[in-house]
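# Structural characterization, general
Chain by chain, the residues:
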Amino acid sequence: MNRDWLTKDFYKTLGVSNDASPDEIKKSYRKLAQQHHPDANPGDAAAEEKFKEISEAYATLSNPEQRKEYDQVRRVSESGGFGGFGGQPGFGGQPGGFSGYQQVRVEDLGDLFGGLGDLFGFGSRGSRGGPAQGSDLETELTIPFDDAAHGVTTAVRIRGATSCSVCGGTGAEPGTTVHTCAQCGGRGVVAQNQGFFSFSQPCPQCRGSGRVIETPCSTCRGSGTENKEREIKLRVPAGVNNGTVLRLRGKGAPGTQGGRDGDLLVRILVAPSRTFGRKGNDLTLKVPVTYPEAALGTRIEVPTLNGPVKLKVPAGTPTGKTFRVRGRGISPETGAPGDLLVTVEVAVPQRLSREEKKLLEQLAELETEDVRDHLE
């Protein structure tokens, strides 16, 4: 368990209720992250600190297991169950116990005696010196319609913590070594007796890291990370849909104490095409034809993603008629290609010359079919 859970209200940080759904939490996080992101607030230390708080809150509440454990800890804390540490009165006014003991329910603790090992000194699970996976990062990438259809190799730029480029994340100056802390044996915590309980606190020798760096890296000063802008290449597969999220393994925030780096989640936004629409893997296209072409029939040239093709328009084709051109839609990397759906629309001229108007009047006089007789 993270000791900060006792004092930090992650729900309040994200501006959501304690029973907020995962979608509500994610929506609020994305809104706040965009507002306080360092890229949007260059040189603003307060915004950068707020961004860190938002990221920490989301990292806990977006993980179902961590959120459950966090809620249990907060429930016990708010009931007064942690009020008797530090020599305050506890059992019946005796020093060294729980001042609010009578308010603590056993079911509230659940399996926290394992998860709170570093707080009470029970067992060894949750050692502060153990590996911890880095948090996932999110960003968005807008690509042209054609790139989404054919696939493209491109790059995104993100700013944030990454493994130090000089020490590789060890925190030690290159050529020097990192030793296991002799005082805590690498656990990162040491026990301190507090009356009835053994209270664990961060090791003063290694400050909770479980390691001793004799010569800190001159670039990251021993933290193992540096905050900088990175360019990350990625391959967008052919046929990707608008809103698809690509997961880049190990491109997120760096892990600690040898833990795996988090992932980078890239949401793909596809710019609309001025020519085509899309329904799944099918492309849609509207093509105007003249009245004579629709009445007499014709062959027209229509565009596709891979060059134009000829389309036969039979005589007597009504406006709104859709023709299917097989295999000329989106060709995804997996699965069958879609089709091109061409809808013809009879174009009515807005201006007529005298000769055109005279010919149309003659045509109208020759017309024998009543196109509205079905309305009688």
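Residues numbered from 1 in each chain as written. Predicted model: local features only at pLDDT ≥ 70, side-chain atom pairs only at ≥ 80, totals over all residues. Heavy atoms only, no water.

### What about helix α2 (residues 22-36)?
At 3.6 residues per turn, the α-helix brings residues three or four places apart onto the same side. Taking 1.5 Å per residue, 15 residues should reach 21 Å; α2 reaches 21 Å between its end C-alpha atoms and fits that length. Every buried residue of α2 is accounted for by Ile25, Ser28, Tyr29, Leu32, Ala33 and His36. The buried residues of α2 occupy an angular sector of 130 degrees when projected down its axis, which confines them to one face. Looking at α2, the residues exposed on the side facing more than 90 degrees away from the buried face are Asp23, Lys27, Lys31 and Gln34. (Helix = DSSP H or I, 4+ residues; strand = E, 2+ residues; numbered from the N terminus. Expected span 1.5 Å × (residues − 1). Buried < 20%, exposed > 50% of the residue type's maximum accessible area, 1.4 Å probe, protein only. Arc of directions from axis to C-beta.)

### Considerations on the packing of aromatic side chains
Inspection of every chain in the model, using the stated rule, returns three aromatic pairs. Ring geometry for tyrosine 29 versus tyrosine 58: centroids 4.0 Å apart, planes at 5 degrees, classification stacked. On the criterion of sequence distance, the pair formed by tyrosine 29 in helix α2 and tyrosine 58 in helix α3 (residues 45-61) is long-range, its members being 29 residues apart. Neither residue differs from the other here; tyrosine 29 and tyrosine 58 are each classed as buried. Three or more aromatic residues joined by ring pairs form one cluster here, namely Phe10, Tyr11 and Tyr70. Between lysine 321 and the ring centre of phenylalanine 323, over which it is positioned, the NZ or CZ distance is 6.0 Å. (Phe/Tyr/Trp six-rings, centres within 6.5 Å; stacked < 30°, edge-to-face > 60°. Lys NZ or Arg CZ within 6 Å of the ring centre and 35° of its normal.)

### Some details on the nonpolar core
Core analysis: the biggest nonpolar cluster contains 36 residues, and Ile268 and Val302 have the highest contact counts within it. Apart from the residues within four sequence positions on either side, valine 302 is in contact with Leu285, Val287, Pro308, Val309, Leu311, Leu340 and Val342. The next biggest cluster of nonpolar side chains, apart from the first, holds 17 residues, and it includes Trp5, Tyr11, Tyr29 and Ile54. (Core = buried A, V, L, I, M, F, W, Y, C linked by side-chain atoms within 4.5 Å. Contact = heavy atoms within 4.5 Å.)

### A closer look at the packing of α2 against α3
Between α2 and α3, the least distance of the axes is 9 Å, while the angle of their chain directions is 165 degrees. Viewed along their axes, α2 and α3 adopt a mutual orientation that is roughly antiparallel. Between α2 and α3 the crossing geometry is left-handed. Of the residues in α3, those in contact with Ile25, Lys26, Tyr29, Leu32, Ala33 and His36 of α2 are Ala47, Lys50, Phe51, Ile54, Ser55, Tyr58 and Leu61. (Axes fitted to C-alpha atoms, helices over the stretch in contact; angles between N-to-C directions. Parallel < 35°, antiparallel > 145°, perpendicular 65-115°, else oblique. Left-handed = near helix turned anticlockwise from the far one by under 90°.)

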